[in-house]
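# Structure assessment
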Amino acid sequence: MLAKYLHNQMVVILSIALFLLMPKNAFAQIQINGEDNYPLVNELTWRYALAGETSWDDVLTNKDEQWFKSPDTALSLGLINRNVWVKFSVNVTRFSTNDIYILNLGNATLSKVNLLHIHPNLYQDSKQEIGMNLLYNDDKYMDSPTNHFDLNLKLEGVHSFYLKIEQNGYFDLPLSLHTAKSAFNDSLSKHFYESILYGFFIALTLYHLFYFFIIRDPIYLSYLFFTIGITLQFGYMDGVLFKNIWPNIPHLNYLSAKLAIPLVSLSVILLSIHFLELTNEKKWIKTINKSILNVNIFVLLICLFFSLHISLLISLSILLLTFIFVPTISLIHYYIHRNSISLIFLISITFFVLTGIIITMGIIGIMPFDINNLWGTLKVAMCIQMLVFASAIAFRVRLINTERKKAINESQAKDNIIARVSHEIRTPLNGILGLSGLMEPLLNGVTKSYNHMIHQSATALLTIINDLLDVSQINAGKFSINLQSTNLHDLLTSTSQSLFSQLNSKDVIGKCIIHPLVPKYVSTDNDRLRQLISNLLGNAIKFTTKGNITLEVTKVPHTTNKYKFSINDTGNGISDEDIQRIFNPYEQ
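What this report covers is the structure whose coordinates are included nearby. (Residues numbered from 1 in each chain as written. Predicted model: local features only at pLDDT ≥ 70, side-chain atom pairs only at ≥ 80, totals over all residues. Heavy atoms only, no water.)

### Regarding the overall build of the chain
Looking only at helices and strands, the chain has 14 helices and 15 strands in total. A total of 588 residues make up the chain; the buried ones form 43% of that total. A sequence separation of at least 24 residues applies to 77% of the contacts in the chain between residues at least 6 apart. Counting only carbon and sulfur atoms, one obtains 60% of the accessible surface of the chain, whose full area is about 31,900 Å². (Helix = DSSP H or I, 4+ residues; strand = E, 2+ residues; numbered from the N terminus. Buried < 20%, exposed > 50% of the residue type's maximum accessible area, 1.4 Å probe, protein only. Contact = heavy atoms within 4.5 Å. Areas by Shrake-Rupley, 256 points an atom, 1.4 Å probe, with all protein chains shown as cover.)

### Points about the packing of helix 7 (residues 251-276) against helix 8 (residues 283-302)
One way to put it is that helix 7 packs onto helix 8 with a least axis distance of 9 Å and a crossing angle of 160 degrees. In terms of orientation, helix 7 lies roughly antiparallel with respect to helix 8. Crossing of helix 7 against helix 8: the hand is left-handed. Within the contact between the two elements, helix 7 uses L259, P262, L263, S265, L266, I269, L270, S272 and I273 and helix 8 uses N289, I292, L293, N296, I297 and L300. For the contact of helix 7 with helix 8, the per-class residue count stands at 11 nonpolar, four polar and no charged. (Axes fitted to C-alpha atoms, helices over the stretch in contact; angles between N-to-C directions. Parallel < 35°, antiparallel > 145°, perpendicular 65-115°, else oblique. Left-handed = near helix turned anticlockwise from the far one by under 90°. Nonpolar A, V, L, I, M, F, W, Y, C, P; charged D, E, K, R; others polar.)

### What about the side chain of D217?
Tracing the sequence through the fold places D217 in the loop between helix 4 (180-215) and helix 5 (218-238). By relative accessible area, D217 is classed as buried at 15%.

### Observations regarding the sheet that holds strand 12 (residues 507-514)
Read across the sheet, three strands follow the order 12-14-15 without closing on themselves; strand pairing throughout is mixed. Unpaired on one side and paired on the other, strand 12 and strand 15 (563-569) mark the two borders of the sheet. Adjacent strand axes in the sheet meet at a mean angle of 5 degrees when their direction is disregarded. Relative to strand 14 (residues 546-555), strand 12 runs parallel, the two being bridged by eight bridges. Residue I514 lies in a different strand from strand 14, and its bridge partner there is V553. Packed on one face of the sheet, helix 13 (residues 488-500) meets strand 12, strand 14 and strand 15 and runs near 175 degrees to strand 12. (Pairing = 2+ DSSP bridges.)

### Some words on helix 5
For helix 5, built from 21 residues, the straight-helix expectation of 30 Å at 1.5 Å per residue is met to within 8% by its first-to-last C-alpha distance of 30 Å. Of all the 21 residues making up helix 5, 16 are buried; the element is thus mostly covered by neighbouring parts of the structure. Once helix 5 ends, the next one or two residues include G239, with phi positive near 75 degrees. (Expected span 1.5 Å × (residues − 1).)

### Focus on the pattern of salt bridges
Applying the stated criterion across every chain, the model contains five salt bridges. In this structure, R47 and E53 form a salt bridge, with 2.7 Å as the shortest nitrogen-oxygen distance. The residue K379 makes a salt bridge to D238 at a minimum N-O spacing of 2.8 Å. Placement of the pair is K379 in helix 11 (residues 375-439) and D238 in helix 5, with a sequence separation of 141 residues. You'll find K379 and D238 in the same group, each marked buried. Salt bridges linked by common partners bring D217, E277 and R396 together as one network. (Salt bridge = Lys/Arg side-chain N within 4 Å of Asp/Glu carboxyl O.)

### A word on the packing of aromatic side chains
Using the criterion set out here, one finds 20 aromatic pairs in the structure. Relative to Y48, the ring of W46 lies with its centre 5.2 Å away and its plane at 80 degrees, an arrangement referred to as edge-to-face. An aromatic cluster is present here, built from Y198, F200, F201, F234 and W375 joined pairwise through their rings. Between R82 and the ring centre of Y48, over which it is positioned, the NZ or CZ distance is 3.9 Å. It is R396 that lies over the ring of F275; its NZ or CZ is 5.9 Å from the centre. (Phe/Tyr/Trp six-rings, centres within 6.5 Å; stacked < 30°, edge-to-face > 60°. Lys NZ or Arg CZ within 6 Å of the ring centre and 35° of its normal.)

### Here we look at empty space enclosed by the protein
Following the criterion strictly, the structure yields four cavities of 30 Å³ or more and no others. Taken as a whole, the largest cavity holds about 440 Å³ of empty space. Lining the largest cavity are 27 residues, with Q233, I261, L319, I359 and I363 sitting closest to its centre. Broken down by secondary-structure element, the contributors of at least two residues to the lining of the largest cavity are strand 9 (157-174), helix 5, helix 7, helix 9 (308-337), helix 10 (340-364) and helix 11. Looking at the lining of the largest cavity element by element, the count peaks at six residues for helix 10. Class assignment for the residues of the lining of the largest cavity results in 21 nonpolar, six polar and no charged. (1 Å grid on protein atoms, 1.4 Å probe; cavity = no way out; pocket = protein on both sides within 12 Å on 5 of 7 lines; lining within 4 Å. Points joined across faces, edges and corners; volume = space filled by probe spheres on them.)

### Focus: the pairing of strand 2 (residues 45-48)
Bridging between strand 2 and strand 3 (residues 68-69) involves two bridges; their strand directions are antiparallel. When the bridges of strand 3 are listed, T45 appears paired with K69. The pairing of strand 2 with strand 4 (residues 74-92) spans four bridges and is classified as antiparallel. Its bridge partner being in strand 4, Y48 is matched across the sheet by V84.

### Some points on the sheet that holds strand 8 (residues 148-152)
Sheets are built from strands paired through backbone hydrogen bonds, the pairs being either parallel or antiparallel. In spatial order, the strands read 8-5-10; together these three strands make up an open sheet with antiparallel pairing. Across the chains shown, the open sheet's two edge strands, defined by having one partner strand only, are strand 8 and strand 10 (176-179). Sheet twist, expressed as the average angle between the axes of neighbouring strands with direction ignored, equals 30 degrees. Across five bridges, strand 5 (residues 100-104) lies against strand 8 in antiparallel orientation. Across the sheet, the residue bridging to I100 is N152, located in strand 8. Sitting on the sheet, helix 4 is in contact with strand 5 and strand 10, with an inclination near 105 degrees to strand 10.

Take a look at the structure:
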């Protein structure tokens, strides 16, 4: 009841959080567009830095290199590991001479950024270096994780700007220029929605961690890896982790970026394994699944030793492979079983896979696009996807619990019938055994042998019925052990001799070896021990045609009352193919 109540409350809370997240872009845009008379940002051009080209003089004096024009003020170059020069200009009129403007680079993952500002009077002003490779700068004009510069645009005329950008990772530069007031409003709005977003991620993580400790279902652990991977990825891209968690450890930024995508890929594989129970599938499915899982684990480990650029290329390639494998195996699973669990997982994973493939291809450069324009929408979509996964997992758990209760009820009904019928059969069977015993001294010749066969058959049938009752008691949790002082030597000798008498027609020798340290009398359940020895010896006799069968009892070293029973035979043994199926019903 507690778990069900918490689940319902969590769904309500997370739905409210998701609703608050959705209007983010629109609200922020209203704040920005509320400021009139912005300075105009003229065309943006860029080029890759040449070898040895490190200073502002190098780029200002080199007039021969071709600069490439960006179609707008957002520049996307995909995955790179090199330096880029960017230049643009701002036309300031008398209507827009505010004291301070904020140049927002719109990307928190840039490794290092330097800015040179050339005023209309040709005065050059260089800004303090910022970026994710450096300690978090609390002295920035705004305490915001997004890289930005404060600009003094008091002079009318054309202001020229040069950016030197070092990037190891995804290069996306959506430049925007705002007044300080508008930038502060936008920053506050962004902080508010980021608090909701990451609070949403943390709530989902803690919620499923709680359920994992209660239910111990590994699918919740797989979902935890998924939420952690998504949180690391968004936290790295937004700069939230850098600002709030490790502002003095820049190296952790790249570590989180290296681990995020492999962790998401690995978690999706684990979700498919546990959701669809692929460990119980056919051998070829298990082999493929195990191979993909091992590849993901290997990639997760090796990404730690490569640069971020190479790590992202490797992990994104494996993510594409995972996105192809998981829906395919889900379709195969549904085709084989035709159950609702397969269908639910297939539906819940499809949107995530399609979105992931498009974004991955865009980042790698196969299908380039400006990810910044989709960033807010992507966050909302990911929140919806996480809720879809959570709902699918909850559905699976409820369905499994319902099926388990149904199976338990059916098993209890079957056991009740077996117990009742067995009790009813034992009454006339005991009558047959009693009457056969009374007739024994009155018969001779053929009739006596017939009566002996009747007695043996009835005894065997009674043994089977008693075994059925034992099984019913075990399933009902009522099976008990009756400990009593037992002459162990006599029990083993009499049991083995009666069974070894069956070896007279075989070329097999039976032995019963009781070591000297084994005492004569022990405390045990006489009937259960005899039953156990009889079953094991009977199985050895059945499958041994030549050689010997040995029942050996020894004392376990360094113990006071533990003994080891072993039965060795020279039979054919069990092949590797059969060893997994011998524990199935009706198999030998």
